[in-house]
Amino acid sequence: MSNNTADVIIIGAGVHGASLAFHLAQRGVKALILEKKFVAAGATGRSSGLVRMHYDVKQDSELAWVSYNYFRNWKDMVSTSTALSAGFKRTGFLQFVARDDVEKMSANVKMHQEIGIPVTLVKADDVKRLAPTFVIDDIQLAAFESESGYADPTGTTNAFINAAKEKGTRLIQDCAVTGIIVSGGKVKGVETTQGRFDAPMVVNAAGAWAGKLNQLAGLDLPYDTWRHDTMFVARPREIGPEHPTVIDFSNEMYFRPDAGNLTLVGLEDGNPLGESPDNDTDHAKSGFVERGIDRICKRIPLMENGGLHSAHGGYDGITPDQHPMLGAIGPDGFFLDCGHSGTGFKISPAVGLCMSELILDGKSKTVDISIYRPQRFAENKLIVGEHPYSSIWR
Ligand SMILES: Cc1cc2nc3c(=O)[nH]c(=O)nc-3n(C[C@H](O)[C@H](O)[C@H](O)COP(=O)(O)OP(=O)(O)OC[C@H]3O[C@@H](n4cnc5c(N)ncnc54)[C@H](O)[C@@H]3O)c2cc1C
């Protein structure tokens, strides 16, 4: 095969392009990854890395649970000659919801338990034991995943790519795809800033930029960009060396510990849509830090003695139902693995596996990912959980 030819071209070296390349390589298919900047230059490099299974859609929880096995047993699942790993850290995970959503949470926890996920409903007293410095006057019941925590998204991506490269995958960085070549209704390859590359299959894994590539393939799909800022706060000593990872719907916030006595904080609201993903992401938007500090101090008043470490942002692709687009659409050989809507890191190992099954076998068998088919918007079959929380990103 010449240097400009591949079985499969993957556009984008974020965690999804990397996971798919790895899983294709495990089946003997050597993909070519084309990345316009560098590995994890997009959402992945800015991801908060939460690894938990709590969702209100069964397939989301199934994908997170299959993925969890990778994070927990990385060496066995993704063996490489390098020491790169996903850097999983188990902290325990607490899900808080608003009072009105407690029944929905209980129903969702039952669904998780049916999947086999280790999760229990815990009372306020238990939460106080798990997190003594939290103020929890508003919490009667929480979901607790003892095994969950967070991982290192850039490390995960590099580890997948290294493992894939050892099996023959190629990666070209500084190579932006500028056109999708189609002839007779079939994909033939791509045009790039480094010339033409040929392949009978092309996967769009370009995150927040994927909408543009869909248009280049002649597709008209509802796809937007979503901006999300996060900040790191230095914890005062009184809080201690650790605390659980938390999604706090009542305060529209999530937070988790990080290395060096830091706590990472993100907010569920005030995440603008429709901006250029090429905007500045080295700085958080004005007002974000103040809002974040107010909320984390509301939940953990001792944080008032802490200090701001840093804040920045990132862009992901988002769809109208805040679920990814996974599957074939448009010209023969064109696939989507994009639109991960701000929650795609924790499911990336399983999505790569399922996408490799879909591409090579015509159907995914590990988890049925057909609900994520990109055609669902035209069919008006948007994804909604059986016991849905209100839309999380605003
Ligand atoms: C701040 C933030 C925090 C998050 N926190 C979490 C979390 O805690 N847990 C969780 O599960 N998820 C989280 N997410 C979501 C998760 O990080 C993303 O869903 C996931 O990283 C998306 O990966 P991706 O590979 O689809 O996209 P990306 O990582 O964005 O990768 C796409 C790549 O495509 C490249 N590209 C774009 N256009 C082209 C082109 N024309 N040619 C070649 N290459 C191109 C880009 O340079 C980029 O490297 C967060 C997202 C953000 C922004």
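Here the structure is a predicted model, which means the values were calculated and not measured.

About the criteria used
Residues numbered from 1 in each chain as written. Predicted model: local features only at pLDDT ≥ 70, side-chain atom pairs only at ≥ 80, totals over all residues. Heavy atoms only, no water. Buried < 20%, exposed > 50% of the residue type's maximum accessible area, 1.4 Å probe, protein only. Helix = DSSP H or I, 4+ residues; strand = E, 2+ residues; numbered from the N terminus. Pairing = 2+ DSSP bridges. Salt bridge = Lys/Arg side-chain N within 4 Å of Asp/Glu carboxyl O. Near = heavy atom within 4 Å. Polar contact = N/O pair within 3.5 Å; in protein donor to acceptor, adjacent residues only side chain to side chain. Areas by Shrake-Rupley, 256 points an atom, 1.4 Å probe, with all protein chains shown as cover. Axes fitted to C-alpha atoms, helices over the stretch in contact; angles between N-to-C directions. Parallel < 35°, antiparallel > 145°, perpendicular 65-115°, else oblique. Left-handed = near helix turned anticlockwise from the far one by under 90°. Contact = heavy atoms within 4.5 Å. Nonpolar A, V, L, I, M, F, W, Y, C, P; charged D, E, K, R; others polar.

A. Highlighting the pairing of strand β14 (residues 224-234). For β14, the buried fraction is high: nine of the eleven residues fall into the buried class. Here β14 runs beside strand β18 (residues 307-318); their pairing, made up of eleven bridges, is antiparallel. Of the residues in β18, the one forming a bridge with Thr-230 is His-312. Both β14 and strand β17 (residues 262-267) contribute to a ladder of five bridges, which runs antiparallel.

B. Inspection of the pattern of salt bridges at higher detail. Within the structure shown, the criterion is met by 21 salt bridges. Of the charged contacts, one joins Lys-110 and Glu-114 as a salt bridge, the two residues approaching to 3.5 Å between their closest N and O atoms. Residue Lys-110 and its partner Glu-114 are both found in helix α5 (residues 102-115); the two are separated by four residues, about one turn of the helix. Here Lys-110 matches Glu-114 in class, with each residue exposed. Where Arg-196 meets Asp-198, a salt bridge forms, and the shortest distance between an N and an O atom there is 2.7 Å.

C. Structural view of the sheet that holds strand β3 (residues 50-51). Read across the open sheet, the three strands follow the order β3-β8-β4; overall the sheet is antiparallel. Two strands lie at the open edges of the sheet, namely β3 and β4 (89-90), each paired on one side alone. In the sheet, β3 pairs with strand β8 (residues 149-150) via two bridges, with the strands oriented antiparallel. Its bridge partner being in β8, Leu-50 is matched across the sheet by Tyr-150.

D. Seen up close, the site of the ligand. The ligand sits among 37 residues. The nearest are Glu-35, Thr-44, Leu-50, Asp-316 and Lys-346. A distance of 3.1 Å separates an oxygen atom of the ligand from a polar atom in the backbone of His-16. Contact distances for the ligand include 2.9 Å between a nitrogen atom and a backbone N or O atom of Val-177. Across the complex, the protein chains shield 97% of the 1,000 Å² of accessible surface that the ligand would expose by itself. Contributions of two or more residues to the shell around the ligand are made by α1 (15-26), α2 (43-46), β14 and β18. For the shell around the ligand, the leading source of residues is α2, giving three residues.

E. Local environment of the packing of helix α3 (residues 58-72) against α5. Contact pair α3 / α5: the axes reach a minimum separation of 10 Å and the direction vectors enclose 45°. Here α3 is positioned oblique relative to α5, judged by the angle of their axes. Of the two elements, α3 crosses α5, and the hand of that crossing is right-handed. Together, Lys-58, Ser-61, Glu-62 and Trp-65 of α3 and Met-111, His-112 and Ile-115 of α5 make up the contact between the two elements. Across the contact of α3 with α5, the residue classes tally to three nonpolar, two polar and two charged.

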